[in-house]
Amino acid sequence: MPSRIGVYVCHCGTNIAGRVDSEGVARFAAGLKNVAVARDYKFMCSDPGQDMIIKDIREMGLTRVVVASCSPRLHEKTFQKACQRGGLNPFLFQMTCIREHCSWVVADPVEATAKAKTLVAGAVSRVNEHEELYSRVEAVHPDVLVVGGGIAGIQAALDIARSGHKVHLVERGPSIGGHMTQFDKTFPTLDCAACISTPKMVAVAQEPNINLMTMSEAVEVKGYVGNYTARIRTRPRYINEDRCTGCGLCMEKCPKSVPSEFEEGLAKRKAVHRNSPQSVPNTPVIDPASCIYLVKGKCGACKQNCPSEAIDFEQQESFLDVQVGTIVLATGFDILDPTALTQYGFGRYPEVYTGLQFERLNNAVGPTGGKILMKNGQAPESVAIIHCVGSRDKNQHEYCSRVCCMYALKYDHLIKDKIGHQARVFNFYIDMRCFGKGYEEFYRRVQEEGVTFIRGRPSEVTDQTLSAEEDGKLIVVAEDTLLGRPVRVSVDMVVLCTAMQARRDASEVARIFGISQGQDGFFLEEHPKLGPVSTATDGIFLAGTCQGPKDIPDAVAHASGGAGQALSLAARGEVSISPTVSWINPDICVGCKMCVDLCAYSAIEFDERRKVCVINEAMCKGCGSCAGHCPSGAAQVRHFNEKQIFAELEGLSQNVPLVRQPAGVDHL
Amino acid sequence: MQELIATLETQSDPLPGAAFEPAIVAFVCNWCTYTAADLAGTSRMVQSPNVRLVRMMCTGMVDPKYIIKALLGGADAVLVSGCHPGDCHYINGNYKARRRVKLLMEILPRFGIDSRRIKLTWVGASEGNEFAATVNRFAAEIKELGPIDTRRLPLL
Ligand SMILES: Cc1cc2nc3c(=O)[nH]c(=O)nc-3n(C[C@H](O)[C@H](O)[C@H](O)COP(=O)(O)OP(=O)(O)OC[C@H]3O[C@@H](n4cnc5c(N)ncnc54)[C@H](O)[C@@H]3O)c2cc1C
Ligand code: SF4
Ligand code: SF4
Ligand code: FES
C-alpha cells in the first residue's frame, strides 16, 4: 500500500518565510509522489501547528509525516511526539532543515526557495522507506559519579547526596576545594574564602551518601546513559587515612623541602605535605618524587615520628570500578602561564606575580601570613595590575575570562586596606566588565578608594629606567587610549590577571567520557543557551568552569543545574533508549567477520552455530561503522539504512535541475 | 521577488544559457559537521546554495555506495564531513570513513570521475565559520571543474 504523506512547511515567523516562499514550497510538495496533503503554517512548533499534524493523521489517515522547518536538532523530538499523539509511530517522521541550512544562509530568495524544495523532496522520498521502531526502556542506576572536587563538584555532590542518592566524588588532588581554597577573600562581598568553602568541604566529608575518593581519577568509562561503569585509579597517598589524626607531626619532622605548588612557588613545602590545615581529608600526602625514602630507600623520619602508625610506604596504586547511572564533570580550569608573554617579564623580574600568587600573598596561612610583601620583606608603595593577560587577545585566548576585572578590583581594595591609603594602585584595563550582582557597586566603591584606572593594554614591563625617579622600579609602558598618549608608570610590584583556560588534559578527559570540546578548549555544552549543562552524550553533565570561565556564584549555580539534571534521570529510574541501532540480516550475512573488529564497542559477535555475525543491541550505539563497511550489505543501521539513504538521494537529485543549468546532461 | 518565484515555478526546465551551478551532496555527521552547519546558520553565514546536506549519525556509516549513488544521481560532487580525528562521537568512525574515502578516490578516476569531486573534511561542532568556508570553497572548486558527465558513468 502506498504511503499517505503529510508535508508541513513552516514560516518560522519571517525567519524562513522572509527568504523562502514557504507557500510555494508547500504547493510544490503537494505534487510529489504519495503526498496526501501539504500545508504551510506560521509556527509549526506551536500548539496549533502540532495540532494540525495530529488532526490530519487522524482525519486523513496519514501514514507518514514530513516537517520542513528549523534544524532537527531543535525540534525533531517535538514533532515526533506530535506524531505519537496522533497515533503514528514517531519514526515514520522525517524533518528537513530549511532555516539554518537554507533561509538563513542562502542570500537569494529564488535560490533559497529552490533549495528548500529540493530538501523537501529528499525528505518526502526518504520517509516512504521509514519503518516503525520502538524505543527500549532501560533502568537508570541511582548512583552518580562527580568528577572534580572544586567548589562546583562539591556543590553538585552535596545537592545529589542530599536527595538520598549515592555519589562517588572523585578528586585528583589530595584535598577537595579546588582553586577557591587558594584565595583569601572573594569578590564582591569580600567574604573570607575559607569561611565559606570550609563548611561545604566538611559537609562533603560528613555526608554518608558521598564516597569521597581523593588522589583519584577516572581512567576508563564504559556503558551508556543509565548504566555507566567507570574505572577509578587511586594513587597512593602513603598515609593511611583511617589511622591519621591530622596532627601534622610528620610534616614538622620531614627533612626534605621543595617549592609548593599550592603556594604557587612562593613558599616551600615538605615531601610530606598538606595544602592547608582545612584540607579535606586532612591527612597529609607523601610526594613520591621528593620523598627521600621513596627515592633512595632511607630516611623514614615521618614514619618514626607518627604517633598513629599511619605512614605506609607499601601503599600501591589501586583500581575500583563504580557503577553509576549519570556523570557530572566538574574538572575546573587552569590559569595561563604568562612566561610565554615575555613582554610582561614574568619569571624575569621577581616582583611580577600572577593573580593566583597574589591570592597566596593575601592569604592568612600563605607565605607572608597574609601581608602583601615583596621578596625583600617590604610592603610595596605602588602596584600595577594588568588586566586581560592572555584574554581578549587574538594570539592567546579570544574570549574574556570573566573574573579578572572583578578580582583586580578585589586586589585594589586589599592593597589599600592592608598597606594603607598612601599605597598607589594602577589598573591597566581594556574594558571594565562588572556584570554580576553587586559588582558595579563594588567597582564604584573601589574607585572612591582612590585607585587609578588607565585604559590600555601595556606593551611592556621593564626595568630599563629613563630617570633617577624610576631607578629600582618596574616600569609599565602603555598607551592611555582615552587620552591618546603614551604613559610610563613606575611601580614596585606588578600583578598579571592571567586568563582562565581549559585544563591541559581536557582533551584526554573529553576522550575518556566521550564528550567534545569547544574551539576554546572548554567542554562543549549541548546548546549554548538552552542546554548549558548537558552534553551531546546522554547522561553526562557539566558543572562549573570546565565548561567555560565563571566566577564562584556562576560555577555554583551551574553545578546545581548539572546536579539537577543528573538527579531527574536518577529519580525517574528509567530512560528510553533510541532504537536506531544496527542489525545484521542473518540471511544475507556471509560470516566474513569484517564488522567484528570495526565495532568500537565490541557489540558484534560471531555466532559459530549459524556462521553469521550478530549485534548485541544493548551495546550497539548505532554508529554504523559496520554498516558502512559490510561488503554484503547485511549490516544496516535502523533509520539510516541503505534504502532510506538511497531514497533521500533520489529525492534530492530529481530536483537537481532546479539549480543546475547545462543542457544535454542526463539525470537519473 | 514574488514575480521571480512565480517565474521559477512555471519553469520546469532550467533557464537556458545560465552559468553552471553545481549540485553537491554532503554527507555530514550529526555530532560535528551538521551541528557546525546549524551554527553557521544561526550566525547567518551566507553560503553558496549548491550544497544539500544528508544527515548521517557518523561519517563511519557513509557506505561508498552512497557516494557513488549521489554522483550517478546527478550530483557534481560529494562532500563527506565529520568530527576531527580523535573527536568522533563514536570513538573512531571518522578514521574508517577516511580509509574508505581514500580508497574510493583511488578507484573512481578509473571510471572517469575526477577524484577532486570527492572531498573529505573535518569540521567540528563549534566551527560554523569553517563549515561555511568549506562549502564556499568546495562549490567554487566544482564550478571551476565543470559539470560531471554522467553519460560516461554507466561503466560503473
Ligand atoms: C586569581 C583568581 C581569583 C579569583 N577570585 C575569585 C573571587 O574572588 N570570587 C569569585 O567568585 N571567583 C573568583 N575566581 C574564580 C573561581 O576561581 C572559580 O569560579 C572557581 O574556582 C571555579 O570552581 P570549579 O570547581 O569550577 O573549578 P576548580 O576550582 O578548578 O576545581 C576543579 C577541581 O577538579 C579537580 N580535577 C581536575 N581534573 C580532574 C580529573 N581529571 N579528575 C579528578 N579531578 C580533577 C581539580 O583538582 C580541582 O580540585 C578567581 C579566579 C582566579 C584565577
Ligand atoms: S604524623 Fe601521622 S597522624 Fe600525624 S598527620 Fe602525619 S600521618 Fe597523620
Ligand atoms: S553500529 Fe555496528 S559498529 Fe557501530 S556500535 Fe553498532 S554494531 Fe558496533
Ligand atoms: S560522529 Fe562525527 S565523524 Fe563520527
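Just so it is clear, the model here is predicted, and its values are computed rather than measured.

**A short note on the overall build of chain B**
Each helix and strand counted, chain B has five helices and four strands in total. In sequence order, chain B lays out its α and β elements as α-β-α-β-α-β-α-β-α. Split into buried and exposed, the 156 residues of chain B put 56% on the buried side. Within chain B, contacts between residues at least 6 apart in sequence are counted, and of these 81% link residues at least 24 apart. Roughly 6,400 Å² of accessible area belongs to chain B as shown, and the carbon and sulfur atoms make up 56% of that amount.

**A closer look at the nonpolar core**
If you look at the biggest cluster of nonpolar residues, it comprises 89 residues, and the most contacted ones within it are A:V7, A:Y8, A:V65, A:I584, B:F27 and B:I67. For this core, the element with the most residues is helix 5 (residues 109-127) of chain A, which contributes eight residues. If we skip the residues at most four places from it in the chain, A:V65 touches A:G6, A:Y8, A:I53, A:I57, A:C83, A:L88, A:L92, A:F93, A:Q94 and A:V127. Membership of the second largest hydrophobic core comes to 36 residues, among which are A:F187, A:V383, A:I385 and A:V403.

**Things to note about the site of ligand 1**
All names here are of chain A. Close to ligand 1 lie 37 residues, the nearest being E171, H179, K410, T545 and K550. F187 is positioned such that a nitrogen or oxygen atom in its backbone is 2.8 Å from an oxygen atom of ligand 1. Its free accessible area being 1,000 Å², ligand 1 has 97% of it covered by the protein chains. Those elements that provide at least two residues to the shell around ligand 1 are helix 6 (151-162), strand 8 (185-186), strand 11 (216-224), strand 19 (333-335), helix 11 (355-362), helix 12 (404-419) and helix 15 (552-572). Grouping the constituent residues of the shell around ligand 1 by class yields 16 nonpolar, 12 polar and nine charged.

**Topic: the environment of A:Q316**
All names here are of chain A. Positionally, Q316 belongs in the loop between helix 10 (301-305) and strand 17 (318-324). On the basis of relative accessible area, Q316 is assigned to the exposed category, the value being 62%. Those residues in contact with Q316 that lie beyond four places of it in its chain are T234 and P236.

**Description of the sheet that holds strand 1 (residues 5-10) of chain A**
All names here are of chain A. Strand order in the open sheet formed by four strands is 2-1-3-4, with parallel pairing between adjacent strands. Both edges of this open sheet fall to strand 2 (35-41) and strand 4 (93-97), since each of them pairs with a single strand only. Across the sheet, the axes of successive neighbouring strands diverge by a mean angle of 15 degrees, strand direction being ignored. Two elements, strand 1 and strand 3 (residues 64-69), share five bridges in a ladder whose sense is parallel. Residue G6 lies in a different strand from strand 3, and its bridge partner there is V65. Set on the sheet, helix 1 (residues 22-30) makes contact with strand 1 and strand 2; between it and strand 2 the angle comes to about 175 degrees. Sheet contacts for helix 5: strand 1, strand 2, strand 3 and strand 4; angle to strand 4, the most-contacted strand, approximately 165 degrees.

**Observations concerning the environment of B:Q47**
By the element assignment, B:Q47 lies in the loop between helix 2 (33-42) and strand 2 (51-56). Exposure remark for B:Q47: the relative accessible area of 8% places this residue in the buried category. Expressed as a C-alpha distance, the spacing of B:Q47 and B:A139, which sit 92 residues apart in the sequence, is 9.4 Å. Excluding anything up to four places from it in sequence, B:Q47 contacts A:V105, A:V106, B:A40, B:F131, B:A132, B:V135 and B:N136. One polar contact links the side chain of B:Q47 to the main-chain carbonyl oxygen of B:M45, over a distance of 3.1 Å.

**Quick word on the interface of chain B and chain A**
Facing the 64 residues of chain B at the interface are 66 residues of chain A. Summed over both partners, the interface of chain B with chain A buries about 5,600 Å², with 59% contributed by carbon and sulfur atoms. Applying the counting criterion to the chain B and chain A interface returns four salt bridges. The closest approach of N and O atoms between B:K69 and A:E650, which form a salt bridge, is 2.7 Å. Here chain B and chain A share 15 residue pairs in polar contact (both at pLDDT 80 or more) between them. Residue assignment for the side of chain B that touches chain A shows that the elements contributing at least two residues are helix 1 (2-10), strand 1 (24-29), helix 2, strand 2, helix 3 (64-72) and helix 4 (93-107) of chain B. Considering each element in turn, the side of chain B that touches chain A owes the most residues, seven residues, to helix 2 of chain B. Across the side of chain B that touches chain A, the residue classes break down as 36 nonpolar, 14 polar and 14 charged.

**Things to note about the site of ligand 3**
Lining the immediate surroundings of ligand 3 are 13 residues, of which A:S582, A:C599, A:C620, A:C623 and A:C626 lie closest. A class-by-class count of the residues in the shell around ligand 3 yields eight nonpolar, four polar and one charged.

**Topic: the pairing of strand 27 (residues 493-498) of chain A**
Residues and elements named next belong to chain A. Taking burial as the measure, the six residues of strand 27 include six buried ones, the bulk of the element. Residues M493, V495 and C497 point to one face of strand 27 and V494, L496 and T498 to the other, with burial holding for every one of them. With three bridges connecting them, strand 20 (residues 352-354) and strand 27 associate as parallel partners. Bridging from a neighbouring strand, T354 pairs with L496 of strand 27. Relative to strand 27, strand 21 (residues 382-389) runs parallel, the two sharing five bridges. Opposite A384, over in strand 27, you have V494 as the bridge partner.

**Details of the state of the cysteines**
Residue and element names in this part refer to chain A. Enumeration according to the criterion identifies one disulfide over all chains in this entry. In this model, C192 is linked to C195 through a disulfide, with the two sulfur atoms separated by 2.2 Å. Handedness of the C192-C195 disulfide follows from its S-S torsion of about 90 degrees: it is right-handed. Given the relative accessible area of 24%, C192 is considered partly exposed. For C195, a relative accessible area of 49% puts it in the partly exposed group. With no disulfide partner, C10 has as its closest neighbouring cysteine sulfur the one in C12, 5.3 Å distant. Note on C404: no disulfide assigned, nearest cysteine sulfur contributed by C497 at a separation of 5.8 Å.

Definitions and cut-offs
- Residues numbered from 1 in each chain as written.
- Chains lettered and ligands numbered in written order.
- Predicted model: local features only at pLDDT ≥ 70, side-chain atom pairs only at ≥ 80, totals over all residues.
- Heavy atoms only, no water.
- Helix = DSSP H or I, 4+ residues; strand = E, 2+ residues; numbered from the N terminus.
- Buried < 20%, exposed > 50% of the residue type's maximum accessible area, 1.4 Å probe, protein only.
- Contact = heavy atoms within 4.5 Å.
- Areas by Shrake-Rupley, 256 points an atom, 1.4 Å probe, with all protein chains shown as cover.
- Core = buried A, V, L, I, M, F, W, Y, C linked by side-chain atoms within 4.5 Å.
- Near = heavy atom within 4 Å.
- Polar contact = N/O pair within 3.5 Å; in protein donor to acceptor, adjacent residues only side chain to side chain.
- Nonpolar A, V, L, I, M, F, W, Y, C, P; charged D, E, K, R; others polar.
- Pairing = 2+ DSSP bridges.
- Axes fitted to C-alpha atoms, helices over the stretch in contact; angles between N-to-C directions.
- Buried area = accessible area lost by both parts, 1.4 Å probe.
- Salt bridge = Lys/Arg side-chain N within 4 Å of Asp/Glu carboxyl O.
- Disulfide = S-S within 2.5 Å.

It is worth stressing that arrangement in space is one thing and function is another; only the former is reported here.
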